[in-house]
Amino acid sequence: MNTPFPKFRTDTLPDEGGVLQRLIQEAGIDVVTRQKISSHAAALVETIRSATKPGVMESFLAEYGLSTNEGVALMCLAEALLRVPDAKTIDALIEDKIAPSNWRQHLGHSTSALVNASTWGLMLTGKVLDDTDPRVLGVMRSVVKRLGEPVIRKAVGQAMREMGRQFVLGETINKALKNAKTNEEAGYTYSYDMLGEAARTEADAKRYHLSYSAAISAMAGACVHTDIRDNPGISVKLSALHPRYEVSQRDRVMAELVPRVRALALLAKAAGMGFNIDAEEADRLELSTEVIAEVLRDPALAKWDGFGVVVQAYGLRAGPMLDWLYGLAESLDRKIMVRLVKGAYWDTEIKLAQTLGLDGFPVFSRKAATDVSYIANARKLLNMRDRIYPQFATH
């Protein structure tokens, strides 16, 4: 049985303005509803600010928001240091991100003594690393920099680890499960992501496959509820499981990737957990739907409601994708999970479209349009609950 998806075939670059106008109508937010949303959101923010004691991360973000150059530099550094393999590269990265910024303007502004002390450290580090500062003699500066780099590296690394704890639950699945216990006892559930990058070699793909398998096995002990929605889940990137996950290698992908995904899905089914397929770049959307449909058709997965798919609202084809998933669930007589997110590869999608000289973009070119899409498609999902279990997240 082949499940058609004409919208993906014929409208790979639909007119953004036309799609947006349709979504505005589908969102259906009138003035009264908009005012209620704004009031409720403001009340939530006020409650959080008055009832929550800010931690180190919250204090840092209050001073170094993403609207400042310094905040962007720190976030880029925190994210990049997770992947840097050697001390020399770490030193170069720190120098690139720390030296150019104006840390002095943040000095003494925070209510946190730790944040203010860190600002002093960042300011002094920037002075040591700044080649253009004429007040530091060349020879002396060279000595200070050489002797100070290991200290700076260690201090920045520690600070970045503190920030990383806000975004990464644990360095290993066992640590993440341990750190999750407190919130799980309070009623929260987690969908674990192994932070897998796209596989470049077959060895990479096999290593990620083993990592996913081990994670599912480790998580099985936490799946104690009969309702799969109350148990933890796992998110899997298809591009992490195959080194040539691209349309030109379609036959090879279907022959080699589908069995790997099926094997992981069967493990998740046996464990009683949710199993979500993460979203990929727009040019892989059709290929992803083929892999998803082929895996779900497997008789061994029949009547299992734990299979899920992540859909990115910034994509112009998000609505048709939801329609296709609903039709697939209907044709297979099952219920599937769908997690609606904003999107994770906006810069890449825009740049790639420009490089290829395309007539348009596969994603909305303005954030406001993505917000409209999210609201409209959230409403669509909520009207599909006979076949879809809606989930909502950000990026």
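Residues numbered from 1 in each chain as written. Predicted model: local features only at pLDDT ≥ 70, side-chain atom pairs only at ≥ 80, totals over all residues. Heavy atoms only, no water.

1. Considering the overall build of the protein chain
For step 1, the next point in the chain: Within the protein chain, the regular secondary structure consists of 15 helices and six strands.
For step 2, the next point in the chain: Within the protein chain, the proportion of its 395 residues that are buried is 44%.
For step 3, the next point in the chain: A sequence separation of at least 24 residues applies to 74% of the contacts in the protein chain between residues at least 6 apart.
For step 4, the next point in the chain: When the accessible surface of the protein chain is summed, it comes to about 21600 Å², and 56% of that surface belongs to carbon and sulfur atoms. (Helix = DSSP H or I, 4+ residues; strand = E, 2+ residues; numbered from the N terminus. Buried < 20%, exposed > 50% of the residue type's maximum accessible area, 1.4 Å probe, protein only. Contact = heavy atoms within 4.5 Å. Areas by Shrake-Rupley, 256 points an atom, 1.4 Å probe, with all protein chains shown as cover.)

2. So, the sheet that holds strand β3 (residues 274-277)
For step 1, the next point in the chain: In space, the six strands of this open sheet follow the order β1-β2-β3-β4-β5-β6, with parallel pairing throughout. Sheet topology places β1 (191-193) and β6 (388-392) at the edges, where each strand pairs with a single neighbour. On average, each strand axis in the sheet is tilted by 30° relative to the strand beside it, whichever way the strands run.
For step 2, the next point in the chain: The pairing of β1 with strand β2 (residues 233-236) spans three bridges and is classified as parallel. Residue pairing in the sheet places Asp193 in a bridge with Ser235 of β2.
For step 3, the next point in the chain: Seen against the sheet, helix α13 (residues 318-331) touches β4 (307-312), β5 (336-341) and β6 and runs at an angle of roughly 165° to β4.
For step 4, the next point in the chain: Sitting on the sheet, helix α15 (residues 367-382) touches β5 and β6, and the angle it makes with β6 is about 150°. (Pairing = 2+ DSSP bridges. Axes fitted to C-alpha atoms, helices over the stretch in contact; angles between N-to-C directions.)

3. Quick notes on the side chain of Asn231
For step 1, the next point in the chain: Positionally, Asn231 belongs in the loop between α10 (202-219) and β2.
For step 2, the next point in the chain: A polar atom in the side chain of Asn231 sits 3.0 Å from the backbone nitrogen of His225.
For step 3, the next point in the chain: Sequence-distant contacts of Asn231, defined by excluding residues within four places in its chain, comprise Thr189, Ala222, Cys223, Val224, His225 and Gly272. (Polar contact = N/O pair within 3.5 Å; in protein donor to acceptor, adjacent residues only side chain to side chain.)

4. Observations regarding the environment of Glu290
For step 1, the next point in the chain: On the secondary structure map, Glu290 appears in helix α12 (residues 285-296).
For step 2, the next point in the chain: Taking the relative accessible area as the measure of exposure, Glu290 reaches 16% and is therefore buried.
For step 3, the next point in the chain: Along the backbone, Glu290 and Val258 are 32 residues apart, and their C-alpha atoms lie at a distance of 9.4 Å.
For step 4, the next point in the chain: A distance of 2.6 Å separates a polar atom in the side chain of Glu290 from a polar atom in the side chain of Arg250.

5. A short note on the pattern of salt bridges
For step 1, the next point in the chain: By the definition in use, this model includes 19 salt bridges.
For step 2, the next point in the chain: For Arg252, the salt bridge is made with Glu256, and the minimal N-O distance between the two is 3.0 Å. Taken as a pair, Arg252 and Glu256 lie in helix α11 (residues 250-271) at a separation of four residues, close to a single helical turn.
For step 3, the next point in the chain: We classify Arg252 as partly exposed; its relative accessible area is 30%.
For step 4, the next point in the chain: Across the salt bridge formed by Arg262 and Asp298, the nearest N and O atoms sit 2.5 Å from each other. Highlighted residues: Arg262 in helix α11 and Asp298 in the loop between α12 and β4, separated in sequence by 36 residues.
For step 5, the next point in the chain: Judged by its relative accessible area of 22%, Arg262 falls in the partly exposed class. (Salt bridge = Lys/Arg side-chain N within 4 Å of Asp/Glu carboxyl O.)

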